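# Architecture at a glance
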Amino acid sequence: MMFRYRNEVLAKERLEKLKDLNLNLRLMHVCGTHQDTLVKFGLNSMLKEAGIEVRPGPGCPVCVTTAKEIEEAIILARKGKVVATFGDMFRVPGERLSLADVRAEGFDVRMVYSITDCISIAEKTNKEVVFFSIGFETTAPTTASVILTRPKNFSILSAHRLIPPAMEALIKMGEMKIDGFINPGHVSTIIGERAYEFISKRYKIPQVIAGFEPLDVLIGVYMLAMQIIRGETRVENEYKRVVKPEGNEKAQHTLGEVFEPTECSWRGFPAISDSGLKLRGEFEEYDARKRYEDELSTVDIDYKEPEGCRCGKILRGLVYPDECPLFGKVCTPQHPVGACMVSREGSCNITFRYGER
Amino acid sequence: MCLAIPAKVVEISKGKEGTRAKAKADFGGVSRESDISLVDAKIDDYVIVHAGFAIEIMDEHEAKETLELWRELLE
């Protein structure tokens, strides 16, 4: 079925239409997987010829995790806990070292595909297991669902974040005019169309939820262009085969039962209110920050990005990876300096791999 | 990170009471256990799987509609 979503003739025809419209637009997406599709299939350069620029925003959960959160995970590993996290997080440097470095020191850091793998680890050991839980609304319900089963010798270091508050923060910061948002398909799978409506209403910005096939993204851009021509500012859904208007209510319920929104810092951003998730009081015993409060009290860092690193500006969509002086020179996927070069969904990593913006 | 891929539910494990709802899902020839506690999936449903969890059931009618809409755009 996938290949039926990759029709070259239709793609060319839509691009020609967009070229004829000569709109000169700057759009933004907030999803690393969209960035991968845009660069891998050459859509970005084709759209640029049609006068449309699609900038990546803070859509990579690994990249927006702060050095302070990584330092917390490092401390817990060094204090003898088993720390598990997703593969992408493994090599992102904190203040100086990454979890991979700490594993090389001999501490127990594991890479997992799912939080359920982490539970299997906890079942087989007497040691305390901490899941460094990163991810947006797509991933947070999976964490919540496991917490509801009240697993033993297990806790989480929550680095979950919410996308709509970050989109609003970007607009409010006003560093750059954004003509429309391509909204992330799998975050939207959970939160639905309505969760974004306040942005269109409050800031008069059109939004289209899009899937991840090249045609999904291209049609998403086309739908945004049509809204702009008609002077509309609403939330449309291109990815209806997966995203329902109300989202996945069962997942939302699970998420809300376990987590509550809290103020949260994002790499490259000032603290954004209600953009993070912390465990509700009744699940406090699973909150590593509460459980190991004394051990973590030593984390007080005033982190500055490595000299020259532009991750912060890249995450706010202000500069492209190849505009960073470190890109491809001292900062490569083998020896990453900034977070955006580590994750396969980071803009720098994607630009490096495909040789295109 | 938010990558999620479609798979077909081929078997649902009943398990004991209190255990999590799991299913064997076929990812185009490779079968893997997925947690289905966030969706109400049945056998033969196509689900979207992220980090070991089915996060939604794919709507076959909408999938066909999308292809139909795209075909119309070409005409």
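These figures come from a predicted structure and were not determined experimentally.

### Here we look at the domain arrangement of chain A
Residues and elements named next belong to chain A.
- Domain annotation for chain A reports domain 1 (1-296) and domain 2 (311-354).
- The straight-line distance from the C-alpha centre of domain 1 to that of domain 2 is 18 Å.
- Each partner contributes residues to the interface: domain 1 has 28 residues there, and domain 2 has 25 residues.
- Looking only at domain 1, the three residues that lose the most surface to domain 2 are Arg-55, Cys-63 and Arg-91, adding up to 23% of its buried area.
- Joining domain 1 to domain 2, the criterion identifies 2 salt bridges.
- Across the pair Glu-175 and Arg-316 runs a salt bridge, and its minimum N-O distance is 2.7 Å.
- Here domain 1 is connected to domain 2 by 10 residue pairs in polar contact (both at pLDDT 80 or more).
- Looking at the side of domain 1 that touches domain 2 residue by residue, the classes come out as 15 nonpolar, 5 polar and 8 charged.

### Describing the interface of chain B and chain A
- Each side of the interface is counted separately: chain B has 29 residues, and chain A has 45 residues.
- Buried area between chain B and chain A, summed over both chains or domains, comes out near 3,300 Å², and the portion from carbon and sulfur atoms is 65%.
- Counting the contacts that link chain B with chain A gives 2 salt bridges.
- With a closest N to O distance of 2.9 Å, A:Lys250 and B:Asp40 form a salt bridge.
- Summed over the shared surface of chain B and chain A, the result is 9 residue pairs in polar contact (both at pLDDT 80 or more).

### Thoughts on the sheet that holds strand β4 (residues 109-112) of chain A
Residue and element names in this part refer to chain A.
- Strand order in the open sheet formed by 4 strands is β4-β3-β5-β6, and the pairing between neighbours is parallel. Bordering the open sheet on either side are β4 and β6 (154-160), each of which pairs with just one other strand. Across the sheet, the mean angle separating the axes of adjacent strands is 25° when strand polarity is ignored.
- Note: strand β3 (residues 82-86) against β4, 4 bridges, orientation parallel. The residue of β4 that forms the bridge with Val-83 is Val-109.
- The strands touched by helix α5 (residues 67-78) within the sheet are β3, β4, β5 (129-135) and β6, with β6 carrying the most contacts at an inclination of about 165°.
- This element, helix α8 (residues 140-147), spans β5 and β6 of the sheet and lies at about 160° to β6.

### Quick notes on the packing of aromatic side chains
Residues and elements named next belong to chain A.
- By the definition in use, this model includes 5 aromatic pairs over all chains.
- On the basis of an interplanar angle of 90° and a centroid distance of 5.5 Å, the ring pair of Phe-86 and Phe-131 is categorised as edge-to-face. You can see Phe-86 sitting in strand β3 and its partner Phe-131 sitting in strand β5, a full 45 residues away along the chain.
- Phe-86 sits in the buried class, given a relative accessible area of 6%.
- Residue classification places Phe-131 among the buried positions, given a relative accessible area of 1%.
- Three or more aromatic residues joined by ring pairs form one cluster here, namely Phe-136, Trp-266 and Phe-269.
- The residue whose ring lies beneath Arg-14 is Tyr-222, and the NZ or CZ to ring-centre distance is 4.4 Å.
- Positioned above the aromatic ring of Trp-266, the side-chain terminus of Arg-161 is 5.7 Å from the ring centre.

### Focus: the packing of α8(A) against helix α13 (residues 249-258) of chain A
All names here are of chain A.
- At a minimum axis separation of 8 Å, α8 and α13 run at an interaxial angle of 65°. Every pair of crossing elements has a handedness; the one defined by α8 and α13 is left-handed. Where α8 abuts α13, its residues Ala-140, Pro-141, Ala-144, Ser-145 and Ile-147 lie against Ala-251, Thr-254, Leu-255 and Val-258.
- Counted by class, the contact of α8 with α13 contains 7 nonpolar, 2 polar and no charged residues.

### Some details on the packing of helix α7 (residues 115-123) of chain A against α8(A)
Residue and element names in this part refer to chain A.
- Following both chains from N to C, one finds α7 and α8 inclined at 30°, their axes separated by 9 Å at the closest point. Comparing the axis directions of α7 and α8 gives the class roughly parallel. Together, Ile-115, Thr-116 and Ile-119 of α7 and Thr-142, Thr-143 and Val-146 of α8 make up the contact between the two elements.

### Thoughts on the nonpolar core
All names here are of chain A.
- In terms of nonpolar packing, the biggest core is built from 105 residues, with Phe-131, Phe-132 and Phe-154 touching the most fellow members.
- Three or more residues apiece are contributed to this core by two domains, here domain 1 (1-296) and domain 2 (311-354).
- Among all residues touching Phe-154, those that are not within four sequence positions of it are Ile-115, Cys-118, Ile-119, Val-129, Phe-131, Val-146, Ile-147, Tyr-286 and Arg-291.
- Ranked by size, the runner-up nonpolar core spans 27 residues in total, among them Ala-11, Leu-38, Met-223 and Met-226.

Calculation criteria
Residues numbered from 1 in each chain as written. Chains lettered and ligands numbered in written order. Predicted model: local features only at pLDDT ≥ 70, side-chain atom pairs only at ≥ 80, totals over all residues. Heavy atoms only, no water. Domains from an automatic or database assignment. Contact = heavy atoms within 4.5 Å. Buried area = accessible area lost by both parts, 1.4 Å probe. Salt bridge = Lys/Arg side-chain N within 4 Å of Asp/Glu carboxyl O. Polar contact = N/O pair within 3.5 Å; in protein donor to acceptor, adjacent residues only side chain to side chain. Nonpolar A, V, L, I, M, F, W, Y, C, P; charged D, E, K, R; others polar. Pairing = 2+ DSSP bridges. Helix = DSSP H or I, 4+ residues; strand = E, 2+ residues; numbered from the N terminus. Axes fitted to C-alpha atoms, helices over the stretch in contact; angles between N-to-C directions. Phe/Tyr/Trp six-rings, centres within 6.5 Å; stacked < 30°, edge-to-face > 60°. Buried < 20%, exposed > 50% of the residue type's maximum accessible area, 1.4 Å probe, protein only. Lys NZ or Arg CZ within 6 Å of the ring centre and 35° of its normal. Left-handed = near helix turned anticlockwise from the far one by under 90°. Parallel < 35°, antiparallel > 145°, perpendicular 65-115°, else oblique. Core = buried A, V, L, I, M, F, W, Y, C linked by side-chain atoms within 4.5 Å.

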